[in-house]
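# Close look at the chain arrangement
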Amino acid sequence: MSDALARPAEAGSSAPPKPNAVVAVLALAGIVVSLMQTLVIPIVPELPKLLNAEPSDTAWAVTATLLAASVATPVVGRLGDMFGKRRMLLLSIVLLVSGSVVCGLADSLVPMIIGRALQGLAAAVVPLGISIMRDALPADRLAGSTALMSASLGVGGALGLPAAAFIADNWNWHILFWVSAALGAVAFALVLLIVPESKVRAGGRFDLVGSLGLSAGLVSLLLAVSKGGDWGWTSGTTLVLGAAAVVILLSWGWWELRSPQPLVDLRTTAKPQVLFTNLASIALGFSMFAMSLVLPQLLQLPTQTGYGLGKSMMTVGLVLAPQGLVMMAMSAVSAGVTKAKGPKVTLMIGALIVAAGYGLNIVLMSEVWHLILVSCVIGAGVGFTYGALPALIMGAVDPSQTGAANSLNTLMRSLGTSFASAIAGVILAQMTTDFGGTALPSENGFKVVMAIGAGAALLAFLVATFIPRQRRSTPTGAPAEGPAEPAEVGAKA
């Protein structure tokens, strides 16, 4: 890889004239994509009737999005490094709009699954947006901007749930997808008009074998984790998929270490700063998703249980919505702490706040305001941590590897959420109480899941202590007067 390919635009290319507009558009694109995670939640119980299919089959409308996102995120990130991050960002949004249109026209299971898979293929938008910011923005704007972009994952999910519930309650369910298609089209037009293309290129040849191997390994792993509860954790299908995932991923790692132009540079990934940041990301993804599983159920269970609050899905959305606003607000605070103390400290503070939120939830879970408070505290911690993660990653990798590195970090968070769903599902299925002949998750079951969520956050804190101390607190972007060579960042003290 030549120096010319690895550096930002040469002199003569001007910095973006409106960095505020670039940040706003990229954050909007991230929010639109994250809406896909909560879009179908209000209609999941109704999907069997709406699509004339079995509940076990309609669950693939959620699983397909998860699998497609896991495959697309690292692959599209690498393609962005090679052929242009803005180009891949636009392609991802096109896939999102296409999937929304397919779902908007769907009246049966197969097109619904296809459309949801297409939506999942857009999951790389957030890591691509963060990578574009590194290449395009002035250095003094980078910490706050990347923190906001990273937080958009949670913001879109939190704000999307009440909006989706409102639409599903008042109009035909297809409107959900037509609205998402319209938002995607707006995001596409704004990116096309405002966001500049990065001139940082990795060059080289795309690692097709590596991409197929990683995709096969991830699909096998996530199918085993996400469907193991339905198939049985000791069933032949689950065990075969789990074993296949181990064999495929080990073989993939062997291939990547010997490939001259790998899909994922495992030697870079093994750097302490990248390795421990990714491990912390898995724990944080687990911790954050535990809340998403517990709070909605507590709010919706009947009051006769003694701990359920008997609220509607619309109320659930309104209770969780402030969390998204808190995350957005905390992204600015996170950036300030990162500039002053470094992203490692920011990450550790955020992990402790998340753990404290779960601790509160164990003792405060009997009133709606209790759950609003808990979700806001956890949201504040997530805002801190998600703002620090991209700074840590970009502080340790070459600019030409930013897309792939950020995408891999996003994938690590997604793996954490998948494991959280599986483990919490097992716990809540085993710790039940009888309610009129129906087994419902018990109060102690919820408390155990919350305790595990707190433990996962504390594990993230512990892992973060192993991240090497940095001299520079943020990755270097282009200075205010124009692009320049990126300075070395992330060096050990």
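Throughout, a residue's number is its position along its own chain's written sequence, starting from 1. It should be noted that, the model being predicted, local features are given only for residues of pLDDT at least 70 and side-chain atom pairs only at 80 or more, the latter also being counted only at that level, while totals for whole chains, interfaces and linings use all residues. The side-chain values count all of the structure's non-hydrogen atoms but skip hydrogen atoms and water molecules.

DSSP bridges decide pairing: two strands pair if at least two such bridges lie between them. Helix and strand assignments follow DSSP, with helices taken as H or I runs no shorter than four residues and strands as E runs no shorter than two, numbered in order from the N terminus. Looking at chain direction, strand E1 (residues 432-435) and strand E2 (residues 438-441) are connected through four bridges and run antiparallel. When the bridges of E2 are listed, Thr433 appears paired with Leu440. Counting the residues that bridge the hairpin from E1 to E2 gives two residues, and of these Gly436 lies at a positive phi of roughly 60 degrees.

Bringing the packing of helix H14 (residues 272-300) against helix H19 (residues 443-464) into the picture now. Look at H14 against H19: their axes get within 8 Å of each other, and the N-to-C directions meet at 160 degrees. As far as their axial angle goes, H19 and H14 are roughly antiparallel. With respect to the hand of their crossing, H14 and H19 are arranged in left-handed fashion. Of the residues in H19, those in contact with Phe276, Leu279, Ala280, Ala283, Leu284, Phe286, Ser287, Ala290, Val294, Gln297 and Leu298 of H14 are Phe446, Val449, Met450, Ile452, Gly453, Ala456, Ala457, Leu459, Ala460 and Val463. Amino acids are sorted into nonpolar (Ala, Val, Leu, Ile, Met, Phe, Trp, Tyr, Cys and Pro), charged (Asp, Glu, Lys and Arg) and polar (every other residue, Gly among them). Of the residues belonging to the contact of H14 with H19, the class tally is 18 nonpolar, three polar and no charged. All axes are obtained by fitting lines to C-alpha atoms, using only the stretch in contact for helices, and the reported angles, taken between N-to-C directions, cover 0 to 180 degrees. An angle counts as roughly parallel when it lies under 35 degrees, as roughly antiparallel when it exceeds 145, as roughly perpendicular when it falls between 65 and 115, and as oblique in every other case. Two helices that cross are described as forming a left-handed crossing if the nearer one is turned anticlockwise from the farther one by less than a right angle, and a right-handed crossing if clockwise. Whether two residues touch is decided by their heavy atoms; if any such pair falls within 4.5 Å, the residues are in contact.

What follows deals with the confidence of the model for the protein. Per-residue confidence from the predictor is reported as pLDDT, which spans 0 to 100. Here the protein shows a mean pLDDT of 82. Residues at 70 or above account for 91%. Within the protein, the element-level pLDDT minimum falls on helix H1 (residues 3-6), averaging 38, and the maximum on helix H6 (residues 85-105), averaging 93. Segment residues 1-17 is flagged for pLDDT under 50; beyond a separation of four residues in sequence, or across chains, it makes 31 contacts in the model. For the stretch residues 472-493, pLDDT sits under 50, and the model shows 59 contacts to residues farther than four places along the chain or on other chains.

Once that is clear, we can look at the nonpolar core. We call a set of buried Ala, Val, Leu, Ile, Met, Phe, Trp, Tyr and Cys residues a nonpolar core when their side-chain atoms join them within 4.5 Å. Exposure is judged per residue with a 1.4 Å probe applied to protein chains only, and the accessible area is read against the type maximum: over 50% gives exposed, under 20% gives buried, and values in between give partly exposed. Formed by 65 residues in total, the largest nonpolar core has its most connected members in Leu26, Leu89, Ile93, Met112 and Phe177. Non-local contacts of Met112, meaning those with residues more than four positions away in its chain, are made with Val40, Leu47, Leu51, Ala61, Cys103, Ala106, Trp173 and Phe177. Residues Tyr386, Leu389, Phe446 and Ala464 belong to the second largest nonpolar core, which totals 49 residues.

You will see that Asn52, though not glycine, has its phi angle at about 55 degrees, which is positive. Along the polypeptide, Asn52 turns up in the loop between helix H3 (47-51) and helix H4 (55-58). Judged by its relative accessible area of 73%, Asn52 falls in the exposed class.

This next bit is on helix H17 (residues 368-394). What a helix should span is 1.5 Å times the count of its residues minus one. Between the first and last C-alpha of H17 there are 40 Å, a value that for 27 residues agrees with the 39 Å anticipated at 1.5 Å per step. Extensive coverage of H17 is indicated by the burial of 22 of its 27 residues.

This next bit is on the side chain of Lys227. Note on placement: Lys227 falls in helix H11 (residues 208-231). Leaving out residues up to four positions away in the same chain, Lys227 has contacts with Ser56, Ala59, Trp60, Thr63 and Leu222.

Now for the environment of Arg141. Relative to the elements of secondary structure, Arg141 occurs in helix H9 (residues 139-170). According to the relative accessible area criterion, Arg141 is partly exposed, its value standing at 27%. Considered as a pair, Arg141 and Ala335 are 194 residues apart in the sequence and their alpha carbons are 9.4 Å apart. Setting aside its immediate chain neighbours within four residues, Arg141 contacts Pro19, Asn20 and Val23.

How two aromatic rings sit relative to each other is given by the distance of their centres and the angle of their planes. Planes of paired rings set the category: under 30 degrees apart is stacked, over 60 is edge-to-face and the rest tilted, where pairs are Phe, Tyr or Trp rings (Trp by its six-membered ring) whose centres lie within 6.5 Å. Inspection of every chain in the model, using the stated rule, returns four aromatic pairs. With a centroid separation of 6.2 Å and an interplanar angle of 85 degrees, the aromatic rings of Trp173 and Phe177 are classed as edge-to-face. Phe177 matches Trp173 in its accessibility class, with the two residues each being buried. Any Lys NZ or Arg CZ that is within 6 Å of a ring centre and within 35 degrees of that ring's normal is treated as a charge sitting over the ring. Between the NZ or CZ atom of Arg413 and the centre of the ring of Tyr386, over which it lies, the distance is 4.3 Å.

With that out of the way, let us pick up the pattern of salt bridges. Opposite charge on two side chains permits pairing when their charged atoms draw close. Should a side-chain nitrogen of Lys or Arg be within 4 Å of a carboxyl oxygen of Asp or Glu, the pair is scored as a salt bridge. Under the criterion given, the structure shown has four salt bridges. Taking the shortest distance from any N to any O, the salt bridge between Asp81 and Lys85 comes out at 3.9 Å. Here Lys447 makes a salt bridge to Glu443, at a shortest N to O gap of 3.9 Å. In this pair, Lys447 and Glu443 are both assigned in helix H19, four residues apart and thus about one turn of the helix distant. Residues joined in a network through salt bridges with shared partners are Asp81, Lys85 and Asp135.

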